[in-house]
Amino acid sequence: MNNGHGIRMAASLAREDPAWLKFSLITMALMIVGFLIGVPVIHVFWQALSGGIKAYLSNIFEDPANRDAIFTTLYVAPRAVFLNLLFGISSAWLVSRFKFPGRTILLTLIDMPFAISPVVVGLGLVLLYGSSGLLGPSLASVGIQVLFNSPALVLATTFVTLPFIVRELIPVMESIGPDEELAALSLGASGLQIFFRITLPSLTLGLLYGTILCTARAVGEFGAIYVVSGRIAGLGQTIPLRVEQLFQQYQTPADFALASILTVIALATLLARKIMQSLSNQRHATDQAKRIPA
Amino acid sequence: MSITVNKVSKSFGTFRALDNVSLEVPSGCLVALLGPSGSGKTTLLRVIAGLETADEGAVLYKDEEVTDTPVQHRQVGFVFQHYALFRHMSVFENIAFGMRVRKWPSSKIQQRVTELIHLIRLEGLDQRYPSQLSGGQRQRVALARALASEPRVLLLDEPFGALDAKVRLELRQWLRRLHDQIHLTSIFVTHDQEDAFAVSDKVVVMRQGKIEQIGPPVELFENPANAFVMDFLGHVNAFKGQLKDGRIFLTDYVMHSSQGKFNEQGIVYVRPHELEIKGVNDHFGSLPAIVDHLHPSGSCIRVHLRSPCGQASCCVEINTDQLGVFPINVGDKVCIHPKRGRIFDQDYNI
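Residues numbered from 1 in each chain as written. Chains lettered and ligands numbered in written order. Predicted model: local features only at pLDDT ≥ 70, side-chain atom pairs only at ≥ 80, totals over all residues.

Moving on, we get to the overall build of chain A. In terms of regular secondary structure, chain A is built from 14 helices and 0 strands. Across chain A, helices and strands are ordered from the amino to the carboxyl terminus as α-α-α-α-α-α-α-α-α-α-α-α-α-α. Looking at chain A residue by residue over its 294 residues, the buried ones come to 30%. At a minimum sequence separation of 6, the contacts of chain A that also span at least 24 residues come to 75%. (Helix = DSSP H or I, 4+ residues; strand = E, 2+ residues; numbered from the N terminus. Buried ≥ 20, exposed ≤ 12 C-beta atoms within 10 Å, placed from the backbone. Contact = placed C-beta atoms within 7 Å.)

The helix and strand inventory of chain B stands at 9 helices and 20 strands. Projecting the C-alpha coordinates of chain B onto the three principal axes gives extents of approximately 80 × 45 × 35 Å. By residue count, 42% of the 350 residues in chain B fall in the buried class.

What follows covers the sheet that holds strand β5 (residues 64–65) of chain B. Residue and element names in this part refer to chain B. With antiparallel pairing, the 4 strands of this open sheet are ordered in space as β2-β1-β4-β5. Strands with a single pairing partner mark the edges of an open sheet, and in this sheet they are β2 (15–25) and β5. Alignment of strand β1 (residues 3–12) against strand β4 (residues 56–61), held across 5 bridges, turns out to be antiparallel. Bridge pairing links Thr 4 to Leu 60 in β4. (Pairing = 2+ DSSP bridges.)

So, on to the packing of helix α9 (residues 179–186) of chain A against helix α10 (residues 191–202) of chain A. Residues and elements named next belong to chain A. Here α9 crosses α10 at 160°, and the two axes come no closer than 10 Å. Comparing their axes, α10 and α9 come out roughly antiparallel. The interaxial crossing formed by α9 with α10 has right-handed handedness. Between α9, through Glu 180, Glu 181, Ala 184 and Leu 185, and α10, the contact on the second element is made entirely by Ile 194, Ile 198, Thr 199 and Ser 202. Taken together, the residues that form the contact of α9 with α10 break down as 4 nonpolar, 2 polar and 2 charged. (Axes fitted to C-alpha atoms, helices over the stretch in contact; angles between N-to-C directions. Parallel < 35°, antiparallel > 145°, perpendicular 65-115°, else oblique. Left-handed = near helix turned anticlockwise from the far one by under 90°. Nonpolar A, V, L, I, M, F, W, Y, C, P; charged D, E, K, R; others polar.)

Every contact between the two is made by 24 residues of chain B and, on the other side, 20 residues of chain A. For the side of chain B that touches chain A, the secondary-structure elements that each account for two or more residues are β6 (76–79), α2 (91–101) and α4 (135–148) of chain B. Classifying every residue of the side of chain B that touches chain A gives 11 nonpolar, 11 polar and 2 charged.

What follows concerns unusual backbone geometry. Residues and elements named next belong to chain B. Even without a glycine there, the phi angle at Lys 103 is positive, about 60°. Inspection of the secondary structure assignment puts Lys 103 in the loop between α2 and α3 (106–119). Overall, Lys 103 belongs to the exposed group, with 8 C-beta atoms counted inside 10 Å. Notably, His 183 is not glycine yet its phi reads approximately 50°, a positive angle.

Let us look at the nonpolar core. Ranked by size, the top nonpolar core spans 105 residues in total, and within it B:Ala32, B:Leu33, B:Ile48, B:Ile95, B:Ala144, B:Leu155 and B:Val204 carry the most contacts. For this core, the leading source of residues is α4(B), giving 7 residues. Beyond its immediate sequence surroundings of up to four residues, B:Leu155 is in contact with B:Leu45, B:Ile48, B:Ala49, B:Val76, B:Gly77, B:Phe78 and B:Ile187. Residues A:Val160, A:Ile170, A:Ile212 and A:Cys214 belong to the second largest nonpolar core, which totals 49 residues. (Core = buried A, V, L, I, M, F, W, Y, C linked by C-beta atoms within 7 Å.)

What follows covers the packing of helix α4 (residues 64–97) of chain A against helix α11 (residues 204–220) of chain A. To characterise two packed helices, one gives the angle between the axes of the helices and the distance between these axes. Residue and element names in this part refer to chain A. Viewed as axis vectors pointing N to C, α4 and α11 meet at an angle of 140°, and their least axial separation amounts to 9 Å. When the axes of α4 and α11 are compared, the pair comes out oblique. Crossing geometry of α4 relative to α11 is assigned as right-handed. Seen from α4, the contacting residues are Thr 73, Ala 77, Ala 80, Val 81, Asn 84, Leu 85 and Gly 88; seen from α11, they are Gly 210, Thr 211, Cys 214, Thr 215, Ala 218 and Val 219.

On to the environment of A:Gly51. Residues and elements named next belong to chain A. Of note, Gly 51 is situated in the loop between α2 (19–48) and α3 (52–61). According to the C-beta neighbour criterion, Gly 51 is partly exposed, with 13 such atoms within 10 Å. Each C-alpha atom, one on Gly 51 and one on Pro 253, is 8.2 Å from the other, the two residues being 202 residues apart in sequence. Those residues in contact with Gly 51, other than ones at most four positions away along the chain, are Tyr 56 and Pro 253.

Turning our eyes to something else, we now look at the sheet that holds strand β7 (residues 153–157) of chain B. All names here are of chain B. Pairing in this open sheet of 6 strands is mixed, and the strands run β6-β7-β8-β3-β9-β10 from one edge to the other. Among the strands making up the open sheet, the edge pair consists of β6 and β10 (210–215). Taking each pair of neighbouring strands and ignoring which way they run, the sheet shows an average axis angle of 15°. Here 4 bridges tie strand β3 (residues 30–34) to strand β9 (residues 202–207), and the two strands are oriented parallel to one another. From the neighbouring strand, Val 31 faces β9, where its bridge partner is Lys 202.

Let us look at helix α5 (residues 103–115) of chain A. For α5(A), which comprises 13 residues, the first-to-last C-alpha distance of 19 Å matches the rise-based estimate of 18 Å (1.5 Å per residue) to within 8%. The buried fraction of α5(A) amounts to 0 of the 13 residues, a small share that puts the element mostly on the outside. (Expected span 1.5 Å × (residues − 1).)

Once that is clear, we can look at the pairing of strand β18 (residues 333–338) of chain B. All names here are of chain B. Across 4 bridges, strand β14 (residues 275–278) lies against β18 in antiparallel orientation. What sits directly across from Leu 275, in β18, is Pro 338. By the bridge criterion, 4 bridges tie strand β15 (residues 287–297) to β18 in an arrangement that is antiparallel. The residue of β18 that forms the bridge with Pro 288 is Cys 335.

Moving on to α2(B). Within α2(B), 8 of the 11 residues are buried, which leaves the element mostly enclosed by the surrounding structure. Every buried residue of α2(B) is listed here: B:Val91, B:Phe92, B:Asn94, B:Ile95, B:Ala96, B:Phe97, B:Gly98 and B:Met99. In this fold, the buried residues of α2(B) make contact with α9 of chain A together with α3 and α4 of chain B.

Relative to the helices and strands, B:Val8 resides in strand β1. Leave out the neighbours within four places in its chain, and B:Val8 touches B:Leu18, B:Val21, B:Val47, B:Ala54, B:Glu56, B:Gly57 and B:Val59.

Shown next as structure tokens:
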């Protein structure tokens, strides 16, 4: 171990760059990050809190449209995440445990939401569920209104956030391999017992990780929802949509106050991610330390 | 519980992993399936366990046909090559798993796990997780887990494959003693002939999906059925030669014996300890050789020699004290003479 460290240090000395180059590269990186990310984020909070905490809170909660937007987001995002969990676990299991025709196509399709513009997703839903769409009229005849209603919001959000959980789970499941499941099978476990006692527990970290990313993306989704919501205040409007509306109406303090909620969620996501990373690293490190020779 | 494999065949695509294999394992016997990689030994084990289904043929436990019984109802203990311990469960929970899914009462589970932890000598480590154990300890936990719900047979896939030499040796002896205690019909797969010889009652040598020979270790070593078995079970030298008046005459060296050379006409197979080194060519049928190098190997010394033209080589094992009587140095011109040898293509041994 010591030896390895020594070699690594010698290597890093050998490829030491001149000081001016290092300095200018670091300054450039800091400036880009600062102006692109740091300043706008700080500015959001600055503007939101400029009237003091009391004004900040009343800006958010006094307007019923703002409250509705928060409730709609709390309604839509968990449902989208739940659907993604179902889809994520089942398709990760399918892709990592079975070889079947169309496997590569499925893998490519899962990545589609990363590549496609959310507006196109929204338009697709309008074409499908609209009054002259493929499914719209027949659903309307049984009294189900999808478009301009919460189902459309959930569908759009689910579509856009589809890859997050699957993409976290597939590498984890592939690295674990089927041996533990086979071992459980040989010990007499049924399919359900194997899933709940072996497969699911070994995915905990990946699942948490995927869920956090998925939640953050679901809360912040704008493009697809913008198309399918009908943009009616108090009806099917999520936080990002309300933020945009307030911006259009020049209600700057309220706008920034609501935007700060989204920013806090984003920062919390990053923090949770960081904590989980260090947790899993720590667990690994203690495992190594506790291991004793046979 | 005895195991019978009756004319089992299994193919993966165009690859024939098992070709009409029949095997009889008596109750309480510890059998090793030995062969090079790709010989079908692991496939045979998995077919017996029910982790693979045979294309043709039948598998019987005692008199009960289990060919179509799924693995979870066969009551087998299976130890996987890389142990496949449940990484999110403690040692205790790993061992208890089979009993929990079979709904044993918890007091009985507690008692059985404690008993098994004592058996595998891991007292005090029952709350550890698999990642906190060494290779040998994991192996023993995997074995305890397989034994926990009292299986009818125990099947082990390369049980010593991932262990370093010293742990391997210990575990080998431990497994043998364990088997003598519990007398469970057991089959294990290995590619290492030392593993097979040290542990098993009977060895099954496999090649290309077929069984080449079945027998107790000593018999296999002394009376190999063919050149493949002879070559696979320890070092062997190959020479051109013939049999005259009950004696072996070596006529020439054979270049590096490869698999394709088996059963070629007029090949004599001689184990390193069955060759003698002489100073002069006093025996008719001896071959001249030049000493290449000597290296000590436990109680004996291995002498590597090459033919005078320097192309082919052979290996002789001599006792250390023999070296005092007849000193050998690198570069010496000597003669090698076979005390014993085997010619397989003529259908008899000497």
